[in-house]
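# Secondary and tertiary structure notes
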Amino acid sequence: MTATAASRRVFVVGDPDVKPYPLLNSLVVPRPIAWISTLSEDGVGNLAPHSFFTVACARPPIVQFTSVGSKDTLRNVRATGEATISIASRPLLDQVNGSSAPFDADVDEAGWVGVTMEPSERVAPPRVASSPASLECTLHSIVELGDSTVVFLDVVAITVEEAALDGDHPTMAALQPMSRLGINEWGLPPEVIALDRPRRAEDVPRRG
Ligand SMILES: Cc1cc2nc3c(=O)[nH]c(=O)nc-3n(C[C@H](O)[C@H](O)[C@H](O)COP(=O)(O)O)c2cc1C
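Presented here is an overview of the structure given in this document. Bear in mind the structure is a predicted one, so any value in this text is a computation, not a measurement.

Scanning the protein chain for helices and strands turns up five helices and 16 strands. In terms of principal-axis extent, the alpha carbons of the protein chain reach across some 60 × 50 × 30 Å. Residue burial in the protein chain is summarised as follows: out of 208 residues, 35% are buried. Carbon and sulfur atoms make up 54% of the accessible area of the protein chain, which totals about 12800 Å². Across the protein chain, the centroid of the 17 positively charged side chains sits 12 Å from that of the 26 negatively charged ones.

Spelled out as structure tokens, the structure:
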């Protein structure tokens, strides 16, 4: 670690006193939270949040999440090839956080934290009934990277509460999505502005 003239601290990956993971966790923010429901081979339900989560492909629709280390979610999705991802909505904060505890594999977190699940449309793992929207997914592929495993999931169905839709557009007001920040910090549903993207260079005022 060295301080530059501009008082910028430099963390060089590989230096013994540099820990990149907590730095990345605090810098790559806010991260959306996938509340992932899976079933074990024996049919035991599992529910856990994962914030290393994003859209990986637009067409076909593919999302990805990362398991840091080996967890029940990863084992289940490998074994059964299916998962649902429910939106971690603000009213569900305590339940989302509670479901992240290291429960034994034979414990269904949903029952423990008091979350009602309901049947999905196209896959066996249920979705969170009180979440305004869920993705139903099948396993696309898995990439092993160091201590982590990236899981790509084909999205086979998307369910959104009617009340959360303005036409075909899921509204932020209804979704109230929380996000993961650094250490133990959570982001609450953000302030939203609508701003059209410039379609041509000449639509952008030249300022330099
Ligand atoms: C908001 C939040 C986000 C998390 N994101 C991840 C993640 O992206 N990857 C991961 O491996 N663990 C993540 N965790 C930790 C897991 O939820 C935790 O290890 C959990 O016990 C895994 O459950 P499982 O063994 O039932 O899959 C997160 C925890 C919280 C509270």
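Now, onward.
With that settled, consider the pattern of salt bridges. Scanning the model with the defined rule gives six salt bridges in all. With a shortest N-O distance of 3.0 Å, R75 and D72 are connected by a salt bridge. Of this pair, R75 and D72 both sit in helix α2 (residues 72-80), three residues apart, which is roughly one turn of that helix. When its relative accessible area of 17% is taken as the criterion, D72 is described as buried. The salt bridge partner of E144 is R78, with a shortest N-O separation of 3.0 Å. With E144 in strand β11 (residues 133-145) and R78 in helix α2, the pair connects residues that are 66 residues apart, well separated along the chain. Judged by its relative accessible area of 41%, R78 falls in the partly exposed class.

We now examine the nonpolar core. Counting residues in each nonpolar core, the largest one holds 14 residues, and the members touching the most others are V63, I85, L135, C137 and L153. Counting only elements with at least two residues in this core, the list comes to β4 (34-39), β7 (62-68), α2, β8 (82-87), β11 and β12 (148-160). When residues of this core are assigned to their parent elements, the largest contribution, three residues, is made by β12. In contact with V63, not counting residues within four places along its chain, are F53, T54, V55, A56, I85, L135, C137, V151, F152, L153 and V155.

Next up on the list: the pairing of strand β5 (residues 45-50). For β5, the buried fraction is high: five of the six residues fall into the buried class. The pairing of β4 with β5 spans six bridges and is classified as antiparallel. Note that in β5 the partner of W35 across the bridge is P49. Hairpin connection of β4 to β5: five residues between the antiparallel strands, including G43 at a positive phi of 90°.

What counts, and at which threshold
All residue numbers refer to positions counted from 1 along the written sequence of the respective chain. Whole-chain, interface and lining totals are the exception, using all residues; otherwise, since this is a predicted model, local features are given only for residues with pLDDT of at least 70 and side-chain atom pairs are given and counted only at 80 or more. Each side-chain value is worked out from all heavy atoms of the structure, with water and hydrogens disregarded. Per the convention used, a helix needs a DSSP run of H or I reaching at least four residues, while a strand needs a run of E reaching at least two, with both numbered from the N terminus. A simple rule labels every residue: compare its accessible area, found with a 1.4 Å probe on the protein chains alone, to the largest value its type can have, and call it buried under 20%, exposed over 50%, or partly exposed in between. Using the Shrake-Rupley algorithm and a 1.4 Å probe, accessible areas are obtained, with residue cover drawn only from the displayed protein chains. A positive count includes Lys and Arg, and a negative count includes Asp and Glu. His and the chain ends are not counted in either. Charged side chains are reduced to one point each, which is NZ for Lys, CZ for Arg, CG for Asp and CD for Glu. Within this document, salt bridges are pairs made up of a side-chain nitrogen of Lys or Arg and a carboxyl oxygen of Asp or Glu, the two lying within 4 Å of each other. By nonpolar core we mean a set of buried residues, namely Ala, Val, Leu, Ile, Met, Phe, Trp, Tyr and Cys, connected to one another through side-chain atoms within 4.5 Å. When checking whether two residues touch, look at their non-hydrogen atoms; a contact exists if any pair is within 4.5 Å. If DSSP finds at least two bridges between two strands, the strands pair.

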